[in-house]
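Residue-level listing of the chains:
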Amino acid sequence: MPELPEVETVRRSLLPKLAGHTITGVEIFWPRAVRYPEPEAFAAAIRGRRVEDLERRGKHLIIHLSGEQSLVVHLRMTGRLLYRDEGDEVSPYTTVLFHLDGGKALHFVDVRKFGAMHLVCAEEWDQVQSLRGLGVEPLSEEFTPAYLAAMLEGGRGPVKGRLLNQQRIAGLGNIYADEALHRAGIFPGRPAGSLSPVEVERLHAAIREVIAEGLAHRGTSVRDYVDGDGRAGAFQERLRVYRRTGRPCLRCATPIRRTVVAGRGTFYCPQCQEETGTGAGPQE
DNA sequence: AGTAGGACCTGGTGGC
DNA sequence: TGCCACCAGGTCCTAC
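Let me begin by describing the structure that accompanies this report.

**A closer look at the sheet that holds strand β5 (residues 69-74)**
Pairing is mixed across the open sheet formed by five strands, whose spatial order is β2-β9-β5-β4-β3. Both edges of this open sheet fall to β2 (34-36) and β3 (51-57), since each of them pairs with a single strand only. The sheet shows a mean angle of 25° between the axes of neighbouring strands, direction not considered. The pairing of strand β4 (residues 60-65) with β5 spans six bridges and is classified as antiparallel. Looking at β5, one finds that Leu61 is bridged to Val73. Across the sheet, helix α1 (residues 4-18) lies against β3 and β4, angled at about 170° from β3, the strand it touches most. In this fold helix α2 (residues 39-46) packs onto β2, β4, β5 and β9 (116-121), with an angle of close to 60° to the strand it touches most, β9.

The following block contains the structure:
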């Protein structure tokens, strides 16, 4: 689920609720969800810690705790972090349950069980492999057209593959990559290095635009995603290609197609996103 | 170097 | 209606 806008929405919804709570205990129902340290050590180390702040990096949610420890959570495909009352129903898909003071609890619910968490101090940061060498944040000042151009330069593989590479840009996933490429009028399978400077500019603007709009609508709820209160997002109503196979392109009415690019289901408009890449771009 | 393919899990959906 | 492939928003590992 969670790409950057979804994880950021979870962060914003949880911060005012979690901040100040002390973790009084933890129940681990699916030990593999706890990647570091070992589950027993994890449980012992997290008990008594107070939540100080919540940060996001790429698709990671980082819960900063007292005592210089941080809980790094990755929701992967179906993970949900839910702030609940103690005694509320616990879903059978709950992998880890944190008990909080004040009669509250934080449930990590994850149907597909791909979600993972690490409890690390500053020196152990490298234990979280997916945080190592993470690329730039797409809404940061570092992410410029020149950065995007350098990132795509010389690439013979599909441009979409580069957009999904977290070492280059942190936080883009399958939905927002497809949406950005459609808005920029670029076929996802085009070789990364084949984009003209004008196309790179358009793609840069489109990436920032879809991420910002996704955030403004509190994320995309296609299936599982909800924020820390269990509320769905609304950006799915504004998707222009993702999961719209056969339905008319909102720009030119050509039926949207599905294909596979970089191993991922990929949606595009064959009219607005020409495979040959003439550079003509989307026609208004 | 970079990319493709399988693995990790389980449930929902589209097509027959 | 019912069944069953196929598909799923992410990342990691291995093999080319």
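On we go.
**A look at α2**
Buried residues of α2: Pro39, Phe42, Ala43 and Ile46, and no others. The arc that holds the buried residues of α2, viewed along the axis, is 95°, so those residues lie on one side. Among the exposed residues of α2, those oriented more than 90 degrees off its buried face are Glu40 and Ala44. Tucked inside the fold, the buried residues of α2 contact β1 (23-28), β2, β4, β5, β7 (94-100) and β9. Following α2 by one or two positions, Gly48 has its phi on the positive side, about 90°.

**What about α1?**
Over its 15 residues, α1 runs 20 Å from end to end, which matches the ideal 21 Å to within 8%, given 1.5 Å per residue. Counting buried residues in α1 gives 11 out of 15 residues, a clear majority hidden from the surface. All of the buried residues in α1 are Leu4, Pro5, Glu6, Val7, Glu8, Thr9, Val10, Arg11, Ser13, Leu14 and Leu18. Following α1 by one or two positions, Gly20 adopts a phi angle in the positive range, close to 95°.

**Topic: the pairing of β7**
For a regular strand, the rule is simple: side chains alternate between the two faces of the sheet. Counting buried positions over the seven residues of β7 gives seven, a clear majority of the element. Two strands pair when backbone bridges link them, and β1 and β7 are joined in this way by five bridges, in the antiparallel orientation. Paired with Gly25 across the strands is His99, a residue of β7. In this antiparallel pair of consecutive strands, β7 and strand β8 (residues 104-110), the connection spans three residues, and Gly102 shows a positive phi of 75°.

**Considerations on the protein's contact with DNA strand B**
Taken together, the neighbourhood of DNA strand B is formed by Trp30, Arg32, Tyr93, Val111, Arg112, Lys113, Phe114, Gly157, Arg162, Arg223 and Ala262. When the atoms of DNA strand B within 4 Å of the protein are sorted by group, sugar and phosphate make up 67%. At a separation of 3.0 Å, a phosphate oxygen of DNA strand B approaches a polar side-chain atom of Lys113. Considered class by class, the residues forming the surface near DNA strand B number five nonpolar, one polar and five charged.

Reading guide: rules and limits
Residues numbered from 1 in each chain as written. Chains lettered and ligands numbered in written order. Predicted model: local features only at pLDDT ≥ 70, side-chain atom pairs only at ≥ 80, totals over all residues. Heavy atoms only, no water. Pairing = 2+ DSSP bridges. Helix = DSSP H or I, 4+ residues; strand = E, 2+ residues; numbered from the N terminus. Axes fitted to C-alpha atoms, helices over the stretch in contact; angles between N-to-C directions. Contact = heavy atoms within 4.5 Å. Buried < 20%, exposed > 50% of the residue type's maximum accessible area, 1.4 Å probe, protein only. Arc of directions from axis to C-beta. Expected span 1.5 Å × (residues − 1). Near = heavy atom within 4 Å. Polar contact = N/O pair within 3.5 Å; in protein donor to acceptor, adjacent residues only side chain to side chain. Nonpolar A, V, L, I, M, F, W, Y, C, P; charged D, E, K, R; others polar.

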